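# Examination of the molecular architecture
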Amino acid sequence: MSFITRFAPSPTGPLHLGHAYSALLAYDMAQKADGAFLLRIEDIDRSRAREHWENQIYDDLAWLGIRWQEPVMRQSERQPDYTAALDDLWARGLIYPCSCTRADIAAAASAPQEGAPLLGPDGVIYPGTCRDFPLEGATPPQNVALRLNMRKACDALQKDLSFSDSGMARETTVSADELIHGVGDIVIARRDMGTSYHLSVVLDDAAQEVTHVIRGEDLFDATKIHILLQSLLGLEQPQYHHHRLIRDEAGKRLAKRDDARAISLFRAEGATPQDIREMVGL
Ligand code: GLU
């Protein structure tokens, strides 16, 4: 099929108007292209994912008139794939264990000679404290965070990367320099998770054969990391479409804690799916 897209919510709170917009837009685009719309439950964060939120997601989406292909992919069932990719990156010397705490990183990144800490898509750019310790073992150690050695990763690729974005109607080139200095050694597997959002999302999009990733523009910078991982892991690069965000009256983007804008509340107040479409400008 030439158009496969997905909606990938995390079951950590109620879906709000921003989710409704993203899901409806992806669904409409799939319908128009005579393509497939898939659903993926991003529940790697076991400390925050809840079954009742997952059930509410199915219920809200069905109420909005969205139909998805079964089976639904759930990240909590995909650890073997994540582990295999980590083993591969480890064997190639591209990832390393890191035992720094947030406080360690903040202190090292703001040491007097370092100046103000630089921020990348994943927060403070890692100052590299654990980068050069020798790697031991055939597989990565457990119960410790794993970071991508960005310089080595870029050396392994030896090319600038780019992706096209139909939402923003532009082609973005990502240089090794930007990745090394503007993104840095990101965590690729969290200590408490055995994976990360970035690793899981690229492996899952590939496993679901997603051709079009439609998501909010807040994830635009993360896409630079995703195309790098796709290239390192030999995965197809999908077409991207980053869409505008739905904001509250003060212009702030909606978050899961904005319960007042939860779809379930609008439903309880008697809104129709068409009302929701109008509220988000569809
Ligand atoms: N799970 C992410 C979220 O709820 C979406 C990830 C994605 O679309 O790539 O924000």
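The paragraphs below set out a description of the structure included in this document. Nothing here was measured: the structure is a model prediction, and the numbers come from that model.

### Looking at the overall build of the protein chain
Assigned secondary structure in the protein chain consists of ten helices and twelve strands. The C-alpha atoms of the protein chain give a radius of gyration of 20 Å, which matches the 19 Å a tight globule of 282 residues would have. For the protein chain, with 282 residues in total, the buried portion stands at 49%. Here the analysis covers contacts within the protein chain between residues at least 6 apart in sequence; of these, 79% occur between residues at least 24 apart. Just so you have it, the protein chain exposes about 13800 Å², and 48% of that area is on carbon and sulfur atoms. Taking the 30 positively charged and 41 negatively charged side chains of the protein chain as two groups, their mean positions are separated by 2 Å.

### Thoughts on the side chain of His243
Assignment of secondary structure puts His243 in strand E12 (residues 239-243). Not counting residues up to four positions away in its chain, the partners in contact with His243 are Tyr21, Ser22, Leu25, Ile214, Arg215, Gly216 and Glu217.

### Remarks on the pattern of salt bridges
Following the criterion strictly, the structure yields 19 salt bridges and no others. Notably, a salt bridge pairs Asp28 with Arg277, separated by 2.8 Å at the nearest N-O pair. One end of the pair, Asp28, is in helix H1 (residues 17-32); the other, Arg277, is in helix H10 (residues 273-279), with 249 residues separating them in the sequence. Among the residues examined, Asp28 registers a relative accessible area of 26% and is labelled partly exposed. Several salt bridges share partner residues, and in doing so they unite Arg6, Arg40, Glu42, Arg78, Asp81, Asp204 and Asp205 into one network.

### So, unusual backbone geometry
A cis amide bond links Glu70 to the next residue, Pro71, at an omega of 0 degrees. Relative to the assigned elements, Pro71 resides in the loop between helix H2 (51-63) and strand E3 (73-74). The phi torsion at Asp34 lies on the positive side, around 60 degrees, for a residue other than glycine. Looking at the element boundaries, Asp34 is found in the loop between H1 and strand E2 (36-41). Exposure remark for Asp34: the relative accessible area of 66% places this residue in the exposed category. Phi angles above zero are rare outside glycine, and Glu209 is one such case at about 55 degrees. Structurally, the position occupied by Glu209 is in the loop between helix H7 (197-207) and strand E11 (212-216). When its relative accessible area of 56% is taken as the criterion, Glu209 is described as exposed.

### Some thoughts on the packing of helix H5 (residues 150-157) against helix H8 (residues 220-233)
One can describe the packing of H5 onto H8 by two numbers: an axis separation of 10 Å at closest approach and a directional angle of 55 degrees. Viewed along their axes, H5 and H8 adopt a mutual orientation that is oblique. As for how H5 packs across H8, the hand of that crossing is left-handed. Of H8, the residues touching H5 (which contributes Met150, Ala153, Ala156 and Leu157) are Leu228, Ser231 and Leu232. Across the contact of H5 with H8, the residue classes break down as six nonpolar, one polar and no charged.

### A closer look at the nonpolar core
By size, the foremost hydrophobic cluster in this structure holds 38 residues, and its most contacted members are Leu148 and Leu232. Elements supplying a minimum of two residues to this core: helix H3 (79-91), strand E7 (145-148), H5, strand E8 (161-165), helix H6 (176-183), strand E10 (187-189), H7 and H8. Residues in contact with Leu232, not counting those within four places in the same chain, are Leu89, Arg92, Leu94, Leu148, Ala153, Ala156 and Leu157. Among the nonpolar cores identified, the runner-up in size contains 28 residues, and Leu15, Leu24, Ala30 and Leu64 belong to it.

### A few points about the sheet that holds E7
Within the open sheet, the three strands sit side by side as E4-E7-E10. Their pairing is antiparallel. In this open sheet, the two strands that pair with only one neighbour each are strand E4 (95-98) and E10. With direction set aside, neighbouring strand axes in the sheet form an average angle of 45 degrees. Direction of pairing for E7 relative to E10: antiparallel, over a ladder of two bridges. If you follow Leu146 over to E10, its bridge partner there is Ala189. The strands touched by H3 within the sheet are E4, E7 and E10, with E4 carrying the most contacts at an inclination of about 105 degrees.

### Details of the layout of surface pockets
Estimates place the volume of the second largest pocket at around 350 Å³. Taken together, 16 residues make up the lining of the second largest pocket; nearest its centre are Ile125, Tyr126, Pro127, Arg131 and Ile180. Residues that form the lining of the second largest pocket fall into these classes: ten nonpolar, two polar and four charged.

What counts and what doesn't
Residues numbered from 1 in each chain as written. Predicted model: local features only at pLDDT ≥ 70, side-chain atom pairs only at ≥ 80, totals over all residues. Heavy atoms only, no water. Helix = DSSP H or I, 4+ residues; strand = E, 2+ residues; numbered from the N terminus. Rg over C-alpha atoms; globule rule 2.2 N^0.38 Å. Buried < 20%, exposed > 50% of the residue type's maximum accessible area, 1.4 Å probe, protein only. Contact = heavy atoms within 4.5 Å. Areas by Shrake-Rupley, 256 points an atom, 1.4 Å probe, with all protein chains shown as cover. Lys, Arg positive; Asp, Glu negative; His and termini not counted. Charge placed at Lys NZ, Arg CZ, Asp CG, Glu CD. Salt bridge = Lys/Arg side-chain N within 4 Å of Asp/Glu carboxyl O. Axes fitted to C-alpha atoms, helices over the stretch in contact; angles between N-to-C directions. Parallel < 35°, antiparallel > 145°, perpendicular 65-115°, else oblique. Left-handed = near helix turned anticlockwise from the far one by under 90°. Nonpolar A, V, L, I, M, F, W, Y, C, P; charged D, E, K, R; others polar. Core = buried A, V, L, I, M, F, W, Y, C linked by side-chain atoms within 4.5 Å. Pairing = 2+ DSSP bridges. 1 Å grid on protein atoms, 1.4 Å probe; cavity = no way out; pocket = protein on both sides within 12 Å on 5 of 7 lines; lining within 4 Å. Points joined across faces, edges and corners; volume = space filled by probe spheres on them.

That is the geometry; function is a separate question.
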